[in-house]
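# Structure at a glance
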Amino acid sequence: MTLEIRSIETVSIKTEGLLFDMDGVLISSIGSVNRCWRRWCAMYGVADAENFDVPHGTRAVDIIRMLKPELDEAAVAEGLRAIEDMEIEDTADLTVLPGVKALLGWLPAERWAIVTSCTRRLLLARLRAAGLPVPVRLISGDMVERGKPDPEPYRCGAELLGLRPDECVVVEDAPSGVGAGVAAGSRVLGVLGTHSAEELHGATWIVGSLEELAVTATPDGLELRFAPVG
C-alpha cells in the first residue's frame, strides 16, 4: 500500500524509521503558544510581555530558565506547570496539518516515533485535541536531560525504534530541531510553515507539507518519495 503524491518531479530515498517533531509538523498550535507565553510573561513580570517572540522548538523549561534565570528549581517547576495548564486549556485554533492524518494512520507503528520539545502531559493533550493517534514510541522534552538543538532527543527516539540515528529520517519545522537531527547523525526532512526555507538551510531536503510525501513499506523499512523545495 502506498500514499500517493501528486507531483511527478520527485526524489526517492530509503529509511528504516521516521522521527517526527510534533508542533509545526503534525499539528499547528502556534496561536495557542503565542497567546499563552505572552500571558505567562505578563504573569511573571517579563518586560514587553505582549510582544514576546517564542523561540519555536525550544523546551518550555529552557525558555523559563532563559527568561527568569533567578528562579530556583521549585519555582521553575511551578512556572512549567503554569504554562502547561494554559496551553492544554487553549486549543481553540489547534489544527492538524495537511497530509498528517492519512500518513500516521497508515505508517507501521514500529517505524515511527514522535520526538517533541513539549512535555509528555502537553503532548498527549494536544494529540487528543487534534484527534491524532498516540504513538507507541515517543520522546517528550521532560524525558531528556538536554533539549533541542542538542542531539539527545533524536538519539533517544532512534533508540526507541531499535535503530541508529543514521538509519532514521527526522521530520522537522524549526531550526533548533533541524540542528538536533543533524547533530544526531540523521538525515533531516524540513517542513515549511513556522520557518522559511532559508532558516531551515541545514535540512537535507525541504518540502512544503507532509501532504507532498509518499511512503511505501518495504521488507526492511520505508521508501519515501517527495518533491523537494528548490
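Below you will find a few notes about this structure.

### Observations concerning the sheet that holds strand β6 (residues 138-139)
The sheet built from six strands is open, its strands ordered β6-β5-β2-β7-β8-β9 with parallel pairing. Across the chains shown, the open sheet's two edge strands, defined by having one partner strand only, are β6 and β9 (205-207). As paired strands, strand β2 (residues 17-20) and strand β5 (residues 112-115) are joined by three bridges and run parallel to one another. Bridged to Leu19 within β5 is Ala113.

### Focus on the sheet that holds strand β10 (residues 214-218)
Strand order in this open sheet of three strands is β1-β11-β10, and the pairing throughout is antiparallel. In this open sheet, the two edge strands, each paired with only one partner strand, are β1 (11-15) and β10. Across this sheet, the average inter-strand angle for adjacent strands is 20°, counted without regard to direction.

### Overview of unusual backbone geometry
With an omega of 15°, the peptide bond between Lys148 and Pro149 qualifies as cis. Checked against the element boundaries, Pro149 lands in the loop between β6 and α6 (152-160). With a phi angle near 55°, Asp48 is a residue other than glycine that sits in the positive phi range. Mapped onto the secondary structure, Asp48 falls in the loop between α1 (30-43) and α2 (60-67). Its relative accessible area of 47% is what places Asp48 among the partly exposed residues.

### A word on α2
All buried positions along α2 are accounted for by Ala60, Val61, Ile63, Ile64 and Leu67. The buried residues of α2 occupy an angular sector of 160° when the element is viewed end-on, so they sit on one face. For α2, the elements touching its buried residues are α1 and α3 (73-89).

### Examining the packing of aromatic side chains
Within the structure shown, the criterion is met by five aromatic pairs. A ring pair is formed by Phe20 and Trp112, whose centres lie 6.1 Å apart and whose planes are at 75°; its orientation type is edge-to-face. Here the residue Phe20 occupies a position in strand β2, and Trp112 occupies one in strand β5, the gap between them amounting to 92 residues. For the pair shown, Phe20 and Trp112 are each scored as buried. For the pair Trp40 and Tyr44, a centre-to-centre distance of 4.2 Å together with 15° between the ring planes defines the contact as stacked. Taking relative accessible area as the criterion, Trp40 reaches 0% and is therefore assigned buried.

### Observations regarding the pairing of β2
Judged by which residues are buried, β2 turns out to be covered on both faces: Gly17 and Leu19 on one side and Leu18 and Phe20 on the other are all buried. By the bridge criterion, four bridges tie β2 to strand β7 (residues 168-172) in an arrangement that is parallel. Paired with Gly17 across the strands is Cys168, a residue of β7.

Criteria and thresholds
Residues numbered from 1 in each chain as written. Predicted model: local features only at pLDDT ≥ 70, side-chain atom pairs only at ≥ 80, totals over all residues. Heavy atoms only, no water. Pairing = 2+ DSSP bridges. Helix = DSSP H or I, 4+ residues; strand = E, 2+ residues; numbered from the N terminus. Axes fitted to C-alpha atoms, helices over the stretch in contact; angles between N-to-C directions. Buried < 20%, exposed > 50% of the residue type's maximum accessible area, 1.4 Å probe, protein only. Arc of directions from axis to C-beta. Contact = heavy atoms within 4.5 Å. Phe/Tyr/Trp six-rings, centres within 6.5 Å; stacked < 30°, edge-to-face > 60°.

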